[in-house]
Amino acid sequence: MPSPEKAMQPIIETTGLTRRFGDLTAVDHLDLSVAQGEIFGLVGPDGAGKTTTLRLLCGLLDPTEGSARVAGYDSARQSQSVKDHIGYMAQRFGLYQDLSVQENMDFYADLFGIVGTERATLSADLLRMTRMEPFRQRQAGKLSGGMKQKLALMCTLLHHPQILFLDEPTNGVDPLSRRDFWAILYQLLKDGITILMTTAYLDEAERCNRVGLMYKGRLIRCDTPEALKRQAGVETLEGVFVNSVHAAEALEAK
Ligand SMILES: Nc1ncnc2c1ncn2[C@@H]1O[C@H](COP(=O)(O)OP(=O)(O)OP(=O)(O)O)[C@@H](O)[C@H]1O
Ligand SMILES: [Mg+2]
């Protein structure tokens, strides 16, 4: 597993980050720090606040309280600068189903103002890296689930982001395609990109440098997979997850 290059330098840092929707606190005083070059996995039950956290970090949603700095910018007050430095692959990424792979990439390149030879070179590189060259002319709607996710990732990478936010990028993808997807993520990490991802798969969380477990908007555990397992006295991250959520529920019931 690639290790973070500059472990002491946080590229994502939140302080008491909070977002309420009416009476519901979706993200509750989150203090999180992610080092440059790290791959950080956010896990938690449905509705724990993972997507809301990513949207706050990407400057797509304003915090109710607290703040986040991403790539050196305040995600609320300098959201455009944040957006220039990050790539965000949403849980339901917007691909145009009736456009081909190449046309989807061209569309996103247009959005980012990437034109001419830069666009041609970049899209050729990305297609090669993801082994999607043979499918360039295929309509996005006719791709397999894994290929759709690879295409979404390529569209997210077109403007050379420093940080990637991936929201359940491999959900519903078969194990072989998931392995391909992870090979791409490791390549990106080698190139110095920082990745913050959410995942429902704990074997994927196991591959991250560190894992944060969210429950009802709060970060209830955060450490390396090894340390989490050791502290909980269990052998799998699934065990950590189940025990921690049960403990949090029991505490609430008191
Ligand atoms: N725009 C919104 N308006 C009102 N409530 C919202 C809004 N967005 C999210 N929520 C609520 O905030 C909570 C956290 O939602 P969020 O989508 O962040 O969870 P999640 O951890 O990503 O869940 P999942 O695993 O299902 O994707 C949920 O209770 C959700 O219903
Ligand atoms: Mg979500």
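Whatever comes next refers back to the structure up there.
Values in this document were obtained by computation on a predicted structure and should not be read as measured data.

Reading guide: rules and limits
Residues numbered from 1 in each chain as written. Chains lettered and ligands numbered in written order. Predicted model: local features only at pLDDT ≥ 70, side-chain atom pairs only at ≥ 80, totals over all residues. Heavy atoms only, no water. Helix = DSSP H or I, 4+ residues; strand = E, 2+ residues; numbered from the N terminus. Rg over C-alpha atoms; globule rule 2.2 N^0.38 Å. Buried < 20%, exposed > 50% of the residue type's maximum accessible area, 1.4 Å probe, protein only. Contact = heavy atoms within 4.5 Å. Areas by Shrake-Rupley, 256 points an atom, 1.4 Å probe, with all protein chains shown as cover. Lys, Arg positive; Asp, Glu negative; His and termini not counted. Charge placed at Lys NZ, Arg CZ, Asp CG, Glu CD. Donors = N, O, S within 2.8 Å, 3.2 Å for Na, K, Ca; no water. Near = heavy atom within 4 Å. Polar contact = N/O pair within 3.5 Å; in protein donor to acceptor, adjacent residues only side chain to side chain. Nonpolar A, V, L, I, M, F, W, Y, C, P; charged D, E, K, R; others polar. Pairing = 2+ DSSP bridges.

## What about the overall build of the chain?
In terms of helices and strands, the chain carries 9 helices and 10 strands. For the chain, the C-alpha radius of gyration of 18 Å lies close to 18 Å, the compact-globule estimate for 254 residues. Along the first, second and third principal axes, the C-alpha atoms of the chain reach 60 × 40 × 35 Å. Counting every position in the chain, which comprises 254 residues, the buried fraction comes to 48%. Excluding contacts between residues fewer than 6 apart, the proportion of contacts in the chain whose partners are at least 24 apart in sequence is 69%. Accessible area for the chain stands at about 12,100 Å²; split by element, carbon and sulfur atoms hold 49% of it. Charged side chains of the chain number 28 positive and 32 negative; the gap between the two group centres comes to 2 Å.

## What about the coordination of the magnesium ion (ligand 2)?
For the magnesium ion (ligand 2), the full set of protein donor atoms is Thr51 (OG1) and Gln91 (OE1), at a range of 2.0 to 2.4 Å. Placement of the pair is Thr51 in helix α1 (residues 50-57) and Gln91 in the loop between β6 (86-89) and α3 (101-111), with a sequence separation of 40 residues. What makes Gln91 partly exposed here is its relative accessible area of 30%.

## Quick look at the site of ligand 1
Within the structure, ligand 1 sits among 13 residues, and Gly47, Lys50, Thr51, Thr52 and Gln91 are positioned closest to it. At a separation of 2.9 Å, an oxygen atom of ligand 1 approaches a polar backbone atom of Gly49. When contributions to the shell around ligand 1 are tallied by element, the ones reaching two or more residues are β2 (24-36) and α1. Looking at the shell around ligand 1, the element that brings in the most residues is α1, giving 3 residues. Within the shell around ligand 1, the residues separate by chemical class into 5 nonpolar, 5 polar and 3 charged.

## Here we look at the pairing of strand β4 (residues 65-70)
Sheet analysis places β4 next to strand β5 (residues 73-74), joined by 2 bridges and oriented antiparallel. Paired with Arg69 across the strands is Asp74, a residue of β5. The hairpin formed by β4 and β5 contains 2 residues between the paired strands, and Ala71 there has a positive phi angle of roughly 55°.

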